[in-house]
Amino acid sequence: MLDKTYRPQQVEERIYAEWERAGAFAADTCSAADPYTIMIPPPNVTGTLHMGHALTFTLQDILIRHQRMRGRDALWQPGADHAGIATQMVVERLLEADGKTRHDLGRDKFIERVWKWKAESGGTITHQLRRLGASLDWSKERFTMDEGLSRAVRKVFVDLYKQGLIYRDKRLVNWDPRLHTAISDLEVEQRQVMGKMWYFKYPVEGDGDRHITVATTRPETMLGDTAVAVHPEDHRYAALVGRTCLLPIVGRSLPIVADEYADPEKGSGAVKITPAHDFNDFEVGRRHGLDMINVLDRDARLNENAPEAYRGQDRYQAREGIVEEMRALGLLERVEEIEMTVPYGDRSEVAIEPWLMDQWFVDAETLARPAIEAVEKGRTVFVPKHWENTYFEWMRNIQPWCISRQIWWGHQIPAWYGPDGEIFVELTEEEAAAAAARHYGETTALRRDEDVLDTWFSSALWPFSTLGWPDETPELSRYYPTDVLVTGFDIIFFWVARMMMAGIHFMGEAPFHTIHIHALVRDEQGQKMSKSKGNIIDPLELMDTYGTDALRFTLAALAVQGRELKLAESRVEGYRNFATKLWNAARFCQINGCEPDPGFDPGACRLTLNRWIVGRAEEVLGQVDRALDSYKFNEAANALYQFTWGTFCDWYLEFSKPVFQGADEAAAAETRATAAWVLDRILILLHPFMPFVTEELWAQTERPAMLISTRWPEAGEAPLDAESRAEMDWVVRLISQVRARRAEMRVPAAAKIPLLLKDAGPETLARLEAHRDLITGLARLSSARDADGEAPDGAVQDVLDEATIILPLADVIDVAGEKARLEKEIARLAADIQRFDKKLANREFLAKAPPDVVEKQKERRADAMQARAKLDAAHGRLAGA
């Protein structure tokens, strides 16, 4: 017998271990079944499970379990990313505790230390994925730094280099002055801060006292200015184009150039151009052939290209000195306090600098063309479709991709340099030495490039490198291309697009048929979760408190396409109650002898009640399949919730009680078998969403297989009986409306009242006759009959199809008092609505109030309008004076 209470903490770890022992997650390369593949977005090896992980992995697991039960050979490929910068920082902090740096160990010993850390502490995220119930094929787990993937990375680099698609160039990168490495755009955090805009006057050469005013938020970079730009159609400066101005402090002549980058509406309309320290200025510099003067070193201190007085100074110290010198020269026109965006390294938490240096780049523009075409031609489809626009916008304006990083942990670039700087790119050191010997005509010492590759470079190969490429493995031929990628919109640029480019270039076709983009998880007010706001919701804590199934079902139910997911703990608690409801329903069935019958034929049911619930179970199967096939997880979850809690638990099991307790043993046996069959159907359909509680309930009866390996139902296995559906749905609607009117009029729960049906047709009267006992019992009625006249005074009325429901209430409530109460409440709500309307029409309020405050006012007005409409309807239902 089932315990009275479901305790997930006592169930989940045991069940997951049983699944693993049974090999329930394993794909079968030799299977005759159609393959179905999802590649996990590899979490960082340093990572711990956060709510974004919980969402994306829950949705993927729902799809995998669904397709596995449908009979597909389902591969959910697991693995982790080596997370170059993040992992190196973790290990360096450990060394700091011992008073050491990585340089004390040297590169080889430091790398050994990182591998040791991974072996001891790098498995946290995989253990937490097991907590979430993720049914990954752990036998195929990969790591972006394992030997197989490393071989793939080296081959891709060498091939792209020899095809002219990887090259070395001097360009601007996001430079982190604390970590001493270039970082990707994804590792840059844009922070809104208050700062200053300084307006400097640069003297126009050969024109007396005339100056041209430029503005900057970073005065220290002016030392690297090599031009001033004005818009070609800005008449104020037309006569100055082609002339020069003098760079104060430095004394360098700067050409005044015409370029559309300058905005006549912004500031003075003239822009100082510092090609070595600003990404936009870099492009202007290239267009006009300007010098590129780097005035900062790797620590963001002023270097040898700055005037001697500033050399060695920190950028902010130099900023203060330069401003004061410009003030002393009379060339500081004005200073403005402004709100501005400053890029910070997300790990170092220092302001990053655009820095000019030699780096390795990928010709992303060339690789992007076929990746754009794959989506344009529909070979790869985004869901929701509007994310294609984001993808196209980035891909059609793609810039060279900087792939080199100045750290030690990662894939070291397979490039070697000869004594004269000649570059040799080969798969191995031996091949590089042989190439150098052919080039120089003798054996020559080479120096290997010390940089490693951007973590996203190896991640871009994930869909095929994990399957054994560059070898032609059975897994590669069977599971590539994959079926769907499920991920958040924040990495469309950094991961999705790069996988598309790499997959098409090396495999000849896109790595995914479908890319499902889900929203980000926010708090219940719609705010982004962050440590600074203190609103981070820990999925592990929610799983500990409410059970994993409750969290999973919550995330699925809230995953509406194209809408932000606002998570409140109360929703998780609510779906914990849903798991409890399911448990109690199973216990009720067990107590009443409802056991699965292998020979049960849902099409042979004779009772209207059973034909109805069998048909409704068939309907919900179709709803779930259609919703999951179109990635509408919320629709599938809500269909299951409504059917399980509402149709099955609240109605069918209640309707079944008189049958179980009645004298008709054949009817009771059929109903017990039907209840067991429907409960099994519910467990199967809920399993992808709530795997633990459903597996535990499934195991209460002897079964040929675990639930995870049980066949998903086929459409059409159970009949749809339109007459039974219409009849029982009518009973449900009648009882529901009577209950709603009782609650609305505050009829005491113990009071039994009469029901009259006016203008009811023969079919309605027949239904009333057939189900009178159910209706009177569940609606708490003293009687239920056809009306033989007009409604008495003090009766409340409602409409059900062609009939009018009449509930005489004069004997159980104070009708006049109830009308007065409703009128008073309606008047209060009308006043509230008027107050909201006045505030929302106030232009001053709309101009000054934050958007969330305005939105809250609109929501409160809508709530008041809805409440008033309900009370108006209730008032109108009271008949008589």
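One can find the structure itself at the top, above this paragraph.
For clarity, every value in this text was computed on a predicted model and none was experimentally measured. (Residues numbered from 1 in each chain as written. Predicted model: local features only at pLDDT ≥ 70, side-chain atom pairs only at ≥ 80, totals over all residues. Heavy atoms only, no water.)

Caption draft 1: Fine view of the overall build of the chain. In terms of helices and strands, the chain carries 29 helices and 29 strands. Oriented by its inertia axes, the alpha-carbon framework of the chain measures out at about 110 × 70 × 55 Å. Across the 881 residues in the chain, those meeting the buried criterion constitute 54%. Considering only contacts within the chain whose residues lie at least 6 apart along the sequence, 77% involve residues at least 24 apart. With 108 positive and 138 negative side-chain charges, the chain shows a spacing of 4 Å between the two charge centroids. (Helix = DSSP H or I, 4+ residues; strand = E, 2+ residues; numbered from the N terminus. Buried < 20%, exposed > 50% of the residue type's maximum accessible area, 1.4 Å probe, protein only. Contact = heavy atoms within 4.5 Å. Lys, Arg positive; Asp, Glu negative; His and termini not counted. Charge placed at Lys NZ, Arg CZ, Asp CG, Glu CD.)

Caption draft 2: Spotlight on helix H29 (residues 851-877). Relative to the 39 Å expected for 27 residues at 1.5 Å per residue, H29 spans 39 Å between its end C-alpha atoms, a close match to the ideal helical length. Inspection of H29 places Val-854, Gln-857, Ala-864, Leu-871, Ala-874 and Arg-877 among the buried residues, and these make up the whole buried set. Residues of H29 that are buried sit in contact with helix H24 (722-744), strand E28 (795-800), helix H27 (815-840) and helix H28 (843-848). (Expected span 1.5 Å × (residues − 1).)

Caption draft 3: Layout of unusual backbone geometry. The step from Val-383 to Pro-384 runs through a cis peptide bond, and the omega angle for that step is -5 degrees. Omega for the peptide link from Tyr-480 to Pro-481 comes to 0 degrees, which places this bond in the cis form. Position of Pro-481 among the secondary structure elements: in the loop between helix H15 (474-479) and strand E22 (482-488). Phi is positive for His-180, which is not a glycine, with a value near 60 degrees. On the secondary structure map, His-180 appears in the loop between strand E5 (166-176) and strand E6 (181-183).

Caption draft 4: Highlighting the environment of Glu-573. Topologically, Glu-573 is positioned in helix H19 (residues 569-591). Between the C-alpha atoms of Glu-573 and Thr-554, which are 19 residues apart in sequence, the distance is 9.1 Å.

Caption draft 5: Just helix H9 (residues 315-328), in detail. The terminal C-alpha atoms of H9, which comprises 14 residues, lie 20 Å apart, in line with the 20 Å expected from a rise of 1.5 Å per residue. Among the residues of H9, those classed as buried are Arg-315, Ala-318, Arg-319, Ile-322, Val-323 and Met-326. The buried residues of H9 occupy an angular sector of 135 degrees when projected down its axis, which confines them to one face. In H9, the exposed residues that point more than 90 degrees away from the buried face are Glu-320 and Ala-328. For H9, the secondary structure elements touched by its buried residues are strand E7 (188-203), strand E13 (332-345) and strand E14 (353-362). (Arc of directions from axis to C-beta.)

Caption draft 6: The arrangement of the sheet that holds strand E19 (residues 423-425) in detail. Overall, antiparallel pairing links the three strands, which are arranged E19-E18-E20 in an open sheet. Strand pairing shows two members of the sheet lacking a second neighbour, E19 and strand E20 (447-448), which therefore form its edges. For strand E18 (residues 415-417) and E19, the ladder comprises three bridges, and the chain directions are antiparallel. The residue bridging Trp-416 from the neighbouring strand is Phe-424, located in E19. In this fold helix H12 (residues 429-440) packs onto E18 and E19, with an angle of close to 140 degrees to the strand it touches most, E19. (Pairing = 2+ DSSP bridges. Axes fitted to C-alpha atoms, helices over the stretch in contact; angles between N-to-C directions.)

Caption draft 7: Broad picture of a positive patch on the surface. Taken together, the side chains of Lys-566, Lys-839, Lys-856 and Arg-860 make up a positively charged region of the molecular surface. Structurally, Lys-566 is set in strand E25 (residues 565-567). Judged by its relative accessible area of 43%, Lys-566 is partly exposed. (Patch = residues over 30% accessible without salt bridge, like charges linked within 9 Å, V, L, I, M, F, W, Y side chains within 5 Å. Areas by Shrake-Rupley, 256 points an atom, 1.4 Å probe, with all protein chains shown as cover. Salt bridge = Lys/Arg side-chain N within 4 Å of Asp/Glu carboxyl O.)

Caption draft 8: Geometry of the nonpolar core. Formed by 209 residues in total, the largest nonpolar core has its most connected members in Met-51, Tyr-391, Phe-457, Met-500, Phe-648, Phe-655 and Phe-689. Of all the elements, helix H21 (residues 633-661) adds the most residues to this core, at 14 residues. Other than its neighbours up to four places away in sequence, Met-500 contacts Ala-371, Ala-374, Val-375, Thr-380, Tyr-391, Ala-510, Pro-511, Phe-512 and Ile-515. Grouped together as the second largest cluster of nonpolar side chains are 36 residues, Val-204, Tyr-237, Ile-322 and Leu-331 included. (Core = buried A, V, L, I, M, F, W, Y, C linked by side-chain atoms within 4.5 Å.)

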